[in-house]
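Structural characterization, general
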Amino acid sequence: MEVAVASRALAVWEHRKVVGLLVRRDLKVKYQQSVLGYAWTMLEPLALTMVYFFVFGLILNAERGMPEETMAQGGFLLFLVAGILPWNTFGSIMSEAPRAMITHSKLITTMKVPREIFPTATVGTKFIEYLLTWPVLILFVIFLGGRPSWEGVLLWLPLAIVLQFTFGLGLTLFLSAVNVLLRDVERLVRIISRLLFYGSAILFPAALVLTSDAVPGWAKTLYQLNPLLGIFEMHRAVWFSGFEELTPTTLALTSSVVGSILMLIIGYWTFRRLEMSVLKEL
């Protein structure tokens, strides 16, 4: 089993230029018919942030779960931006994951390359788009007075990106194979995506849930078992690493690491197990 996995991983690495070509093609297709092009990569999350800030920050007062000291470091607005940008990446991965094999069906049946290349290219494209949104985040940090820490830049940010890529790749491998055989998966994913959005503390600090007397203990534990919760808290800990309320708990951090690795294992095992059936359907 280990030898087979290693050989397939090596084969994907040897064909990394194909992955690069697929990523560049997807980005070119996405922006070539657009008047604003790359600008949409920044305008969409910016518009979402403003809407959510108005609803959750001003009307629902969701920032009450944040320490008062964070107001001088970007406050709730920076908190939102730092969570929405990586969520947009993950949400895009989820929406396109079920069609990762179907979209490339002609290439899959004609090219002699490892089929894992196509889900990998889908995830790779979304992470390139995530990097393209960083100018938006940096502008917010500058104008709002954000203070990145060495701990955040050297620990939380790399760990968050690696775990999100690992989880996203495993999820894409799983969904891309299953959806070919069971097309209802694509519709189900849309529902799950909405649930995960509100269950991953994107619009409010997790401390609001974890310190609430109205939430039972078992629900708080279950809440922290969501691997995405810790991942998005890590993204924000880059700017708020000195605040315990805004960094992952031990349970959330463990869930993110273990959950991401398990998702990759399950996704790869499912992909390999269904590969021949998928090829027949394509």
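In what follows, the structure referred to is the one given above.
Residues numbered from 1 in each chain as written. Predicted model: local features only at pLDDT ≥ 70, side-chain atom pairs only at ≥ 80, totals over all residues. Heavy atoms only, no water.

**So, the packing of aromatic side chains**
Heads up, the rule is: Here a Phe, Tyr or Trp ring, Trp counted by its six-membered ring, pairs with any other such ring whose centre lies within 6.5 Å, and the pair is stacked when the planes are under 30 degrees apart, edge-to-face when over 60, and tilted otherwise. Helical segments are the DSSP runs of H or I of at least four residues, strand segments are the runs of E of at least two, and each set is numbered from the N terminus. Throughout this description, buried means an accessible area under 20% of the type-specific maximum (1.4 Å probe, protein chains only), exposed means over 50%, and partly exposed covers the range between. Look at NZ for Lys and CZ for Arg. If either is within 6 Å of the ring centre and within 35 degrees of the ring normal, a charge sits over the ring.
A full pass over the atoms with the stated rule returns 14 aromatic pairs. Judged by centre distance (5.9 Å) and plane angle (45°), the rings of Phe90 and Phe167 are tilted. Pair noted here: Phe90 is in helix α4 (residues 75–96) and Phe167 is in helix α8 (residues 150–181), with a separation of 77 residues, a long-range link. A single burial state applies to Phe90 and to Phe167, both of which are buried. In textbook terms, an aromatic cluster arises when at least three aromatic residues are bridged by ring pairs, as seen for Tyr52, Phe56, Trp87, Phe90, Phe167, Phe197, Tyr198 and Phe232. The ring of Phe197 is capped by Arg194, whose NZ or CZ atom sits 5.1 Å from the centre of that ring.

**Describing the pattern of salt bridges**
Close approach of charged atoms lets side chains of opposite charge pair. The following threshold applies: Put simply, a salt bridge is a Lys or Arg side-chain nitrogen that is within 4 Å of an Asp or Glu carboxyl oxygen.
Taken as a whole, this structure holds six salt bridges when the rule is applied. For Glu275, the salt bridge goes to Arg115, with nearest N and O atoms at 3.5 Å. Of this pair, Glu275 sits in helix α13 (residues 250–281) while Arg115 sits in the loop between α5 (105–110) and α6 (117–132); the two residues are 160 residues apart in sequence, bridging distant segments of the chain. What makes Glu275 buried here is its relative accessible area of 6%. Given a relative accessible area of 23%, Arg115 falls into the partly exposed group. Each of the salt bridges in this network shares a partner with another, and the network as a whole consists of Glu96, Lys126 and Glu129.

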